[in-house]
Amino acid sequence: MKRVSAQVRVGDLLLGGGAPVSIQTMSTLSPAKTDLCVEQIRRIEAAGCRLIRFSVPDAQAAVGFEALRQQTNALLVADVHFDYRLAVSAAEHGAHKIRINPGNIGSREGVKAVADVCRKRGIPIRIGINGGSLEKSMLAKYGGPTAEALAESALQNAAMLEAFDFSDIVLSVKSSSVSKTIEAYRLLAQRCSYPLHLGVTEAGGAEMGMIKSAIGIGSLLHDGIGDTLRVSLTEDPVREVEVGLEILSALGIRRDHPDIISCPTCGRCRCDVISLAAQARQRFGKLDRGITIAVMGCEVNGPGEAREADLGVACGTGEGLLFRKGKPLRKVPFERILDEMALELEKDE
Ligand code: SF4
């Protein structure tokens, strides 16, 4: 069952409280580089993500949010470490949300200054606890960045914000260990009602990053935990968004595009299903419909294996049997399969 958290507002987007799970990513650029950022934001938005985080390493970066607010509709998150004044400046220059790691942001007075400006401007704060930058006191208490230590740090820092009369809080507890990440979020889900931002940090390059994120984020979402997510990959942010959407789609949580399922093929298969499935993904994968399309390797098990598919094909020798919801439609020549499937999809428009 979905954990229903408190709700916060980021611009016109709701996080938590039963709102749909949203996807976010992180820009590879400083917000000071307006033109490059605008170009990247457009690509990220086209991929299906409006919530974009930017590192704020210096004063120019903090000021940069102003131009990005004027030139885009993206929801901009300022990610600040070490210097609370940069978080204050980013909020004053139009950031829709601030992420701080109180473990390295400095004094309580600094955190209070961030809370004050965010309260005044109606901006939520994410407390982003990271296994690699946990407070020394937590490391000493738990002997390392354990799941308990991550969760306790997040809750302690949330309590500090609450003491400053600030409660528009989102929490994250990321570790590069998938198991620790899952455990830490489960602890948080039990112990508080703040919305949770999911992610596995430093997940890595393409394949390993995707696997770690799919297991970590996917397990939590399957348990009903999580209100927004970022897949962290050493890749273009657009790829992070695509993988995030694929995780949501695989769990049936959000389906913007077709789920194209295909069989693994086996000795019964007498045609090139691997390339047919790849072509089907290319041709139908971006359609704005949350349907299931099945590409199966044989007539023996194809329709049965894909009974739930809205549209499918079971291939034979030189031909394919089209079917809908597991029921046969007609046989078509192998080279016509995708065109015939396209015709069937047009009928639904
Ligand atoms: S659908 Fe047919 S070809 Fe594909 S894995 Fe199943 S039995 Fe093998």
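Residues numbered from 1 in each chain as written. Predicted model: local features only at pLDDT ≥ 70, side-chain atom pairs only at ≥ 80, totals over all residues.

### Regarding the domain arrangement of the chain
Put simply, the rule reads: Note that domain bounds follow an automatic or database assignment of domains.
Assigned domains of the chain: these are domain 1 (7–250) and domain 2 (259–347). Centre-to-centre separation of domain 1 and domain 2, based on C-alpha positions: 40 Å.

### Details of the sheet that holds strand β3 (residues 22–26)
Just so we agree on the cut-off: Paired strands are those between which DSSP finds at least two bridges. Numbering of helices and strands starts at the N terminus; helices are DSSP runs of H or I of at least 4 residues and strands are runs of E of at least 2. A pair of residues counts as a contact when their C-beta atoms, built from backbone coordinates, are within 7 Å of each other. In this analysis, axes come from line fits to C-alpha atoms, helices being fitted only over the stretch in contact, and the angle between any two N-to-C directions falls in the range 0 to 180 degrees.
Strands sit in the order β8-β7-β6-β5-β4-β3-β10-β9 across an open sheet of eight strands; the sheet is parallel. The open sheet has two edge strands with one neighbour each: β8 (169–174) and β9 (197–198). One ladder, built from three bridges, connects strand β6 (residues 97–100) with strand β7 (residues 125–130); its direction is parallel. If you follow Ile98 over to β7, its bridge partner there is Ile125. Its contacts with the sheet place helix α8 (residues 178–191) against β8 and β9, and it is angled at close to 150 degrees to β8.

### Brief notes about the pairing of strand β2 (residues 13–16)
Summarising the sheet, strand β1 (residues 7–10) and β2 pair through four bridges and their orientation is antiparallel. If you follow Val10 over to β2, its bridge partner there is Leu13. A loop of two residues connects β1 with β2, the two strands running antiparallel in sequence, and Gly11 in this loop sits at a positive phi of about 60 degrees.

### Side note on the environment of Thr228
Inclusion rule: Around each residue's C-beta, the other C-beta atoms within 10 Å are counted; 20 or more make the residue buried, 12 or fewer make it exposed, and counts in between make it partly exposed. All C-beta atoms are placed from the backbone.
Inspection of the secondary structure puts Thr228 in strand β10 (residues 228–230). On the neighbour-count criterion, Thr228 (25 C-beta atoms within 10 Å) is buried. Here the alpha-carbon distance between Thr228 and Pro124, two residues 104 residues apart in the chain, equals 14 Å. If we skip the residues at most four places from it in the chain, Thr228 touches Leu15, Val21, Ser22, Gln24 and His197.

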